[in-house]
Amino acid sequence: MPRLLIYLIAVPVVLVLAAAALLPVFLDEARLIRLATETLEQRSGARLEVRGDAGLSLLPRLSLQLEDTVLRLPEEQQPEISVQQLSVEVFLWPLLSREVAIKGISLTGLKVIVPASESAPASSTLALSDAELEAFYAQRRQALRAAAEAGAGAALGLPLALNIANLSLDNARVQLLQADGAAPQEITISSMTASDINLEGRPAALNLALQLAGERPVDVTLTAGFTLSADQSAADVEELTITLAGATPEPVVLQTSGTITLNTQRAELALELTSGEIQGTGTLVYSSFESPQIDAQLRLNLLDPALLLLAGPEAATTTPDSAGSGDDALPLDAIRLADTRADLRVERAILGPHAIDNLRLRLRAAEGVLKIDTITGTLHGGALNATATLDAHRATAVLSSRGELTGLDTVQLLAALESEPLLSGLADAGWDLQSRGNTSTALVQNLEGPLNLTTRNVVLEQFGVERMLCEVVAQVNQATLATELPQQSTFQDLSARVTLGEGKARLDPLQADLAHMALRGTGNLQLDSYAFNAEFRARLSPTLGELDPACRVNERLTAISWPVLCSGSLGDSPASWCRVDSKEILASLTRNELERKAKEEGGRFLQRLFKGKD
């Protein structure tokens, strides 16, 4: 693209200079323009076809007007350029000293068709097999090498004393054809103006307004002040402001300054970013022909997932729905096209209903593998420390994550989920998980691996475990409770070892300790519906009677395991989750009583037997 821009400036200049050199010899205007275009082809290799009217005048300034004109650039696979109207005005007096001083270049109705490179990979990777994806990455590497070879030193030389007072472009359209026959990408340039373009070290100015077509069109405005080097190899950007509207809920404003090397298409920039409440600063190195193409260090006060600025220019053209069917499809195209290294520090990151404070992310994305080797921050009061890799190099993405979260405040978690504050206390978790799939739903359903969960100072509202068992004990004692026991459970310990697989979480063992009893059991949780079931065995402490005299227990009651059956959904009220299996309790009590009596009878029989022998 930089080379194309240079052609748009240089070709009219060479054309008008050729016409000026031939003007004293030929007075036939049509023949003069024809010979000038031949001279243009000899000097630049570009062929110009004028299909409409053409005009050339000498006074008061040398000017050239062309209508309905097509420009074909040298070499194959080059853009085709057509323009409805081209106008160039050159000051005559500076030409005598071999200085090119242009009053203005104006193009109206410009159309540029950029063909797809034969080595360019497909624009979408969603239907590709593993072997086709390997070929896709190889094609991208080949295309990158070819572009680097073509771009290095390929800038078209401009006159050394070039000065352009004004350059304007109106109603332009750029079509980027796709190698796989997909619909071309459309760029509409409503206006572009530049002033004082020179190679003498004076600042030049540029203004641009364009729109990127798509399901959600993106409007881009750009203003820049820059200085071109005399050898045309670099530009010092003193101030560049880019505004993007339509890609995110709030317009994104980028302010940058730095150096752009034109031949190698490498930019080293300092950044300032704003988008609504979001503000950020950092540095960005962009290189068309190197890996990573984008190397960024950013500090943000707020991060929203809608702000996807680090995926790279190719990945930015993909839409959220292009990664597959369904609203939860992963952005596989964006991941496979991204070539990015980033170090992010965010004061507050919003991820759905959750917020992570002081988030630190260090990531690398290349050839479909997104590796995040640092994920730290504070999530609902808990300290997060984790790593994650999403490997979309092949047809089916593979996720792996390892980490820990300590001190999670369950009250903050439930508030973020807009749930009733039924649980309070702190939770710790450690995990080593894997999954596979191309949607977020598939990744959740296919999660596998261990997760260890422990808690501290946990209180469950609307469900009193000790109250429930105390009521059953009172029935066994044929007594009435004199005290209104609390409808809540205070756990001294609540922990589980969780094994994920086949779309569910297996909790084994699952244990809960309270002041007057201990429960041990197992359970299952469905990851899609949050439906669960669990079975506990409760052992009562001799101190249970401290809650109420009706709950007093003896050796017969403490000797048995009290079955507690639980089922329901995490969204239901805890009051309906669990019940005591009274039938099994009665059976256990009866069996124990029979065993006790059998032992007593057996003991008396033995006593009589021994007395008889005496």
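The structure contained in this document is the topic of the report that follows.

How each quantity is defined
Residues numbered from 1 in each chain as written. Predicted model: local features only at pLDDT ≥ 70, side-chain atom pairs only at ≥ 80, totals over all residues. Heavy atoms only, no water. Helix = DSSP H or I, 4+ residues; strand = E, 2+ residues; numbered from the N terminus. Buried < 20%, exposed > 50% of the residue type's maximum accessible area, 1.4 Å probe, protein only. Contact = heavy atoms within 4.5 Å. Disulfide = S-S within 2.5 Å. Core = buried A, V, L, I, M, F, W, Y, C linked by side-chain atoms within 4.5 Å. Expected span 1.5 Å × (residues − 1). Salt bridge = Lys/Arg side-chain N within 4 Å of Asp/Glu carboxyl O. Pairing = 2+ DSSP bridges. Polar contact = N/O pair within 3.5 Å; in protein donor to acceptor, adjacent residues only side chain to side chain. Phe/Tyr/Trp six-rings, centres within 6.5 Å; stacked < 30°, edge-to-face > 60°.

All right, on to the overall build of the protein then. Of the regular secondary structure elements, the protein holds 9 helices and 29 strands. In the protein, which comprises 614 residues, the proportion classed as buried is 41%. Restricting to contacts in the protein with at least 6 residues of sequence separation, those with at least 24 account for 51%.

This part is about the state of the cysteines. Taken as a whole and assessed by the stated rule, the structure comprises 2 disulfides. Each sulfur in the disulfide pair cysteine 470 and cysteine 551 lies 1.3 Å from the other. Measuring handedness by torsion sign, the sulfur bridge of cysteine 470 and cysteine 551 sits at about 80 degrees and is right-handed. Taken together, the positions of cysteine 470 in helix H7 (residues 465-476) and cysteine 551 in the loop between strand S27 (531-540) and helix H8 (555-558) put the pair 81 residues apart, joining distant regions of the chain. Here cysteine 470 and cysteine 551 have matching classes, each one buried. Between the sulfur atoms of cysteine 566 and its disulfide partner cysteine 578 the distance amounts to 1.9 Å. Because the torsion about its S-S bond is 110 degrees, the bridge between cysteine 566 and cysteine 578 counts as right-handed. In this pair, cysteine 566 is assigned in strand S28 (residues 562-569) and cysteine 578 in strand S29 (residues 578-580), connecting sequence segments 12 residues apart. With respect to burial, cysteine 566 and cysteine 578 carry one shared label: buried.

So, on to the nonpolar core. In this structure, Ile189, Leu469, Leu519, Trp562 and Val564 are the most contacted members of the largest nonpolar core, which totals 115 residues. Filtering out sequence-adjacent residues up to four positions away, isoleucine 189 remains in contact with Leu169, Asp170, Asn171, Ala172, Val174, Leu208, Ala209 and Leu210. Leu330, Leu332, Ala392 and Leu443 belong to the second largest nonpolar core, which has 7 residues in total.

For the rest of this paragraph, the subject is H7. Here H7 spans 17 Å end to end across 12 residues, near enough to the 16 Å set by a 1.5 Å rise per residue. Counting buried residues along H7, 9 of its 12 residues qualify, which places the element largely inside the surrounding structure. Of all the positions in H7, only Val465, Glu466, Arg467, Met468, Leu469, Cys470, Val472, Val473 and Ala474 are classed as buried. Backbone geometry just after H7 places glutamine 478 at a positive phi near 55 degrees.

Taken as a whole and judged by the stated rule, the model has 18 salt bridges. Here arginine 364 makes a salt bridge to aspartate 339, at a shortest N to O gap of 3.0 Å. Linking arginine 364 in strand S17 (residues 354-366) with aspartate 339 in the loop between helix H4 (332-337) and strand S16 (340-351), this pair joins segments that are 25 residues apart in sequence. Note that aspartate 513 is salt-bridged to arginine 520, the shortest N-O span being 2.7 Å.

Next up on the list: the pairing of strand S22 (residues 449-461). Side chains on a regular strand alternate between the two faces of the sheet. In this structure, strand S21 (residues 423-436) lies alongside S22, joined through 8 bridges in antiparallel fashion. What sits directly across from serine 424, in S22, is valine 459. Of the pairings in the sheet, the one linking S22 to strand S24 (residues 493-501) comprises 5 bridges and is antiparallel in character. Within S24, the residue paired with asparagine 452 across the bridge is arginine 497. One ladder, built from 4 bridges, connects S22 with strand S23 (residues 488-491); its direction is antiparallel. By the bridge assignment, leucine 460 is partnered in S23 with serine 489.

Turning to the side chain of arginine 360, a few remarks are in order. With respect to the helices, strands and loops of the structure, arginine 360 is situated in strand S17. Its relative accessible area of 19% is what places arginine 360 among the buried residues. Looking at arginine 360, its side chain comes within polar contact range of the side chain of aspartate 343, at 2.8 Å. Setting aside anything within four residues of it in sequence, one finds arginine 360 in contact with Asp343, Leu344, Arg345, Thr374, Ile375 and Thr376.

At the junction of serine 291 and proline 292, the peptide bond is cis and its omega measures out at 5 degrees in the coordinates. With respect to the element layout, proline 292 can be found in the loop between strand S14 (278-287) and strand S15 (294-300). Residue asparagine 171 is not a glycine yet carries a positive backbone phi of 55 degrees. For asparagine 171, the position within the fold is in strand S7 (residues 163-176).

In this section: the packing of aromatic side chains. Centre-to-centre distance and the angle between the planes together describe a pair of aromatic rings. Within the structure shown, the criterion is met by 2 aromatic pairs. Taking 5.3 Å as the distance between ring centres and 70 degrees as the angle between the ring planes, the aromatic pair formed by phenylalanine 136 and tyrosine 137 counts as edge-to-face. Among the residues examined, phenylalanine 136 registers a relative accessible area of 2% and is labelled buried. Taking relative accessible area as the criterion, tyrosine 137 reaches 1% and is therefore assigned buried. Look at phenylalanine 532 and tryptophan 577: their rings are 5.3 Å apart centre to centre, the planes differ by 85 degrees, and that puts the pair in the edge-to-face class. In this pair, phenylalanine 532 is assigned in strand S27 and tryptophan 577 in the loop between S28 and S29, connecting sequence segments 45 residues apart.

Here threonine 261 lies in strand S12 (residues 252-261). The exposure class of threonine 261 is partly exposed, given its relative accessible area of 28%. For the pair threonine 261 and serine 287, spaced 26 residues apart in sequence, the C-alpha to C-alpha distance is 9.4 Å. Dropping the residues within four chain positions of it, threonine 261 is found in contact with Ser233, Ala234 and Arg266.

With that settled, the discussion passes to the side chain of threonine 69. Among the secondary structure elements, threonine 69 is positioned in strand S3 (residues 62-72). A polar atom in the side chain of threonine 69 sits 3.4 Å from the backbone oxygen of glutamate 67. Beyond its immediate stretch of four places on either side in the chain, threonine 69 contacts Leu48, Glu49, Val50, Ile81, Ser82 and Val83.

This part takes up the environment of alanine 54. Within the secondary structure, alanine 54 sits in strand S2 (residues 54-57). Taking the C-alpha atoms as reference points, alanine 54 and leucine 64, 10 residues apart in sequence, are found 7.6 Å from one another.

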